[in-house]
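Breakdown of the fold
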Amino acid sequence: MHPTLSVDPAAAVGSVDAAAARPWDDRLARRTRGRDGTLSAILALANVSGVINFSGGFPDHSIFPTEALHRLTDKLLHDDAAVALQYAPSEGIASTRELLRDQLARTQGIRPAESELMITSGGIDAITLIAKSMLDPGDTVLVEQPSYVGAVTGFATFDARVVGVPIDEQGLDVEALARLLASGERPKVLYVIPDHQNPTGWTLIEERRRALVEICRRHGVLIVEDVAYRELGFAESPAPSLWSLAPDTVVQIGTFSKTFFPGVRLGWAAGPAEVVEQMVFAKQNSDQCAGALGQRLLEEFVRGGYYDDQVAGARRLYRRRAAVMTEALTASFGDSRATWSEPDGGFFCWVRLPGVDTVELAARARDAHVAFVPGAGFFVGGGDTEHLRLSYSRVADADIPEGISRLAAAARLASG
Ligand SMILES: Cc1ncc(COP(=O)(O)O)c(C=O)c1O
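What you are looking at is a predicted structure, and each value in this text was computed from that prediction instead of being measured.

**Some remarks on the environment of Cys216**
Along the chain, the position of Cys216 falls in helix α9 (residues 206-219). Given 24 C-beta atoms within 10 Å, Cys216 falls into the buried group. C-alpha of Cys216 to C-alpha of Leu190: the two residues are 26 residues apart in sequence and 8.4 Å apart in space.

Shown next as structure tokens:
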């Protein structure tokens, strides 16, 4: 079918057949055509007011540091508008990069060289830049099974062949990875979220971290280490980052969405100079640079000592919510066959409800004004029916038990 170029004004207000009003559908690129999904439909429902919303990896807006931002923005506009309101270099503003290099040295024990660190417009941007820089159509990317939907779709959009590697309570199953590589699989990239993973909340143990970097180094596989939730651990000292163990084999990508605020759209990538340089080049024909105002704000926020307090407060809040959530799960599901992860950081609790179809359950839960994300979307190739992801990060403490109790009632109905 060819698109009709004349536009019927009635179609624009939705009064004619919907298919006839979508003449461009069959002209969409193969990489985006038909990608919509159950997941986005369910996520969209989550923003309906009056819903207890356990979907989406959103930080709680009540801890956004509005007063400090107000003061710092005033100061920047007064003293530094020529930089803060201007275009920035694609690799990031020099003083902000310097600050991030110092931060990495302080928190992870190694300092990237200038050519080994860039500023990105958040985590998804970093994933896209890696895909653009590393992948030709048909190249294989390994991901944890299950993994963060945004990354899986991000790689698939660049026509990669995405293959899942199992994960358990101790993180990526490194022996399964070794078997896959021994069987002749030749991936270019392995994407992994070692700390408080999305969607499971599980953390990769140190022994496996060391084995993982060795194996990938040996097989020439670039590890993309996503540390989106690393700073939000509930215990005092995290395991060493993969990048700190093998800066020659790992690109670490981070985001300030969960620790500062997502509206700033800022993150970083640190890794081998030749990969980071290519990512900087790729950024020139995407959004060209991360916003200068956000970069300077972040810099002042860290230099002013606010960032450490902000992260400490966020950890306290999410630790408390995780505890409320697991207590509520015990109270409402304790006498069933359900199992769930005990989060040690981050935003998520991963629940298994044997015998329940969690996509169906999402519709029932919606009727009870509760939202969550069914597990299927996190699995490459789908196939899962009995998992779901609960995010406790932005649900008020008092609403968590009520939401879980409604979910349990819906699950009882769903399992007949
Ligand atoms: C593991 C992981 N990486 C990256 C992101 C996206 O980060 P950003 O908002 O900076 O694009 C998310 C957000 O949910 C995430 O869970």
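That shown, we press on.
**Description of the nonpolar core**
One finds Ile130, Leu190, Ile223, Ala269, Phe372 and Leu390 to be the most contacted residues of the largest nonpolar core, which totals 102 residues. Two domains share this core, each providing at least three of its residues, namely domain 1 (37-58 + 312-414) and domain 2 (66-304). Setting aside chain neighbours within four positions, we find Leu190 in contact with Leu142, Cys216, Val221, Ile223 and Val224.

**Digging into the sheet that holds strand β11 (residues 348-352)**
The four strands lie next to each other as β10-β11-β14-β13, forming an open sheet whose pairing is antiparallel. Looking at the sheet topology across the chains shown, the edges are occupied by β10 (339-340) and β13 (373-374). Two strands pair when backbone bridges link them, and β10 and β11 are joined in this way by two bridges, in the antiparallel orientation. Within β11, the position partnered with Trp340 by the bridge is Val351.

**Notes on the domain arrangement of the chain**
Size of an interface, as often reported, equals the accessible area lost when the parts are brought together. On domain assignment, one finds that the chain holds domain 1 (37-58 + 312-414) and domain 2 (66-304). Using C-alpha coordinates to define each centre, domain 1 is positioned 26 Å away from domain 2. Among the secondary structure elements, those contributing two or more residues to the side of domain 1 that touches domain 2 are α13 (306-333) and β11. Looking at the side of domain 1 that touches domain 2 element by element, the count peaks at four residues for α13. Grouping the constituent residues of the side of domain 1 that touches domain 2 by class yields 11 nonpolar, six polar and four charged.

**Structural notes on helix α7 (residues 149-157)**
Taken as a whole, α7 has its buried residues at Ala151, Val152, Gly154 and Phe155. Down the axis of α7, the sector holding all buried residues measures 160 degrees, keeping them to one side. Along its buried surface, α7 packs onto α6 (123-134), β3 (140-145), β4 (161-168), β6 (189-192) and β7 (222-226).

**Some details on helix α15 (residues 399-414)**
In an α-helix there are 3.6 residues to a turn, and that puts residues three or four apart on one side. Given a rise of 1.5 Å per residue, 16 residues ought to cover 22 Å, and the 22 Å separating the end C-alpha atoms of α15 matches this to within 8%. The set of residues buried in α15 consists of Ile400, Gly403, Ile404, Leu407, Ala408, Ala410 and Ala411. For α15, the arc enclosing every buried residue in end-on projection is 165 degrees, short of the 170-degree limit, so these residues lie on one face.

**Some thoughts on the sheet that holds β3**
A sheet is described by the order of its strands in space; here eight strands give the open sequence β2-β9-β8-β7-β6-β3-β4-β5, paired in mixed fashion. Bordering the open sheet on either side are β2 (117-120) and β5 (171-172), each of which pairs with just one other strand. Note that β6 and β7 share four bridges and pair parallel. Counterpart to Tyr191 in the pairing with β7 is Val224. Here helix α5 (residues 94-108) sits on the sheet and contacts β2 and β9 (267-270); the angle it forms with β2, its principal contact strand, is near 115 degrees.

**Some remarks on the packing of α13 against α15**
Axis separation between α13 and α15 bottoms out at 9 Å; the angle between their running directions is 35 degrees. Once α13 is placed against α15, the crossing between them reads as right-handed. Contacts from Arg321, Val324, Met325, Ala328, Leu329, Ala331, Ser332 and Phe333 in α13 reach Ile400, Pro401, Ile404, Ser405 and Ala408 in α15.

**Quick word on the pairing of strand β8 (residues 250-255)**
With six of six residues buried, β8 lies mostly within the body of the structure. Judged by which residues are buried, β8 turns out to be covered on both faces: Val250, Gln252 and Gly254 on one side and Val251, Ile253 and Thr255 on the other are all buried. Of the pairings in the sheet, the one linking β7 to β8 comprises four bridges and is parallel in character. Bridge assignment links Val224 to a residue of β8, and that residue is Val251. Here β8 runs beside β9; their pairing, made up of four bridges, is antiparallel. Across the sheet, residue Thr255 finds its bridge partner in β9, namely Gly267.

**Focus on the packing of α5 against helix α12 (residues 292-303)**
The N-to-C vectors of α5 and α12 enclose an angle of 45 degrees; their axes lie 9 Å apart at closest approach. Considering the angle they form, α5 stands oblique to α12. The handedness of the crossing between α5 and α12 comes out as left-handed. Every residue of α12 that contacts α5 at Ser95, Thr96, Leu99 and Gln103 is listed here: Gln295, Arg296, Leu298, Glu299, Val302 and Arg303. Taken together, the residues of the contact of α5 with α12 break down into three nonpolar, four polar and three charged.

**Overview of the confidence of the model for the chain**
With 91% of its residues at a pLDDT of 70 or more, the chain has an overall mean of 92. Low pLDDT, under 50, characterises residues 1-15; the stretch is placed with 12 contacts to residues that sit more than four places away or in other chains.

**Digging into unusual backbone geometry**
Trans is the prevailing form of peptide bonds, just as negative phi is the prevailing case for residues other than glycine. With an omega dihedral of 10 degrees, the bond running from Gln145 to Pro146 counts as a cis peptide bond. Positionally, Pro146 belongs in the loop between β3 and α7. The step from Asn198 to Pro199 runs through a cis peptide bond, and the omega angle for that step is 15 degrees. Looking at where Pro199 falls in the secondary structure, it is placed in the loop between β6 and α9. In this structure, His196 takes a positive phi of about 50 degrees despite not being glycine. Tracing the chain through its elements places His196 in the loop between β6 and α9. Phi is positive for Gln288, close to 70 degrees, though the residue is something other than glycine. Here Gln288 is to be found in the loop between α11 (273-284) and α12.

Rules and cut-offs
- Residues numbered from 1 in each chain as written.
- Predicted model: local features only at pLDDT ≥ 70, side-chain atom pairs only at ≥ 80, totals over all residues.
- Helix = DSSP H or I, 4+ residues; strand = E, 2+ residues; numbered from the N terminus.
- Buried ≥ 20, exposed ≤ 12 C-beta atoms within 10 Å, placed from the backbone.
- Core = buried A, V, L, I, M, F, W, Y, C linked by C-beta atoms within 7 Å.
- Domains from an automatic or database assignment.
- Contact = placed C-beta atoms within 7 Å.
- Pairing = 2+ DSSP bridges.
- Nonpolar A, V, L, I, M, F, W, Y, C, P; charged D, E, K, R; others polar.
- Arc of directions from axis to C-beta.
- Expected span 1.5 Å × (residues − 1).
- Axes fitted to C-alpha atoms, helices over the stretch in contact; angles between N-to-C directions.
- Left-handed = near helix turned anticlockwise from the far one by under 90°.
- Parallel < 35°, antiparallel > 145°, perpendicular 65-115°, else oblique.
- pLDDT = per-residue confidence, 0-100.

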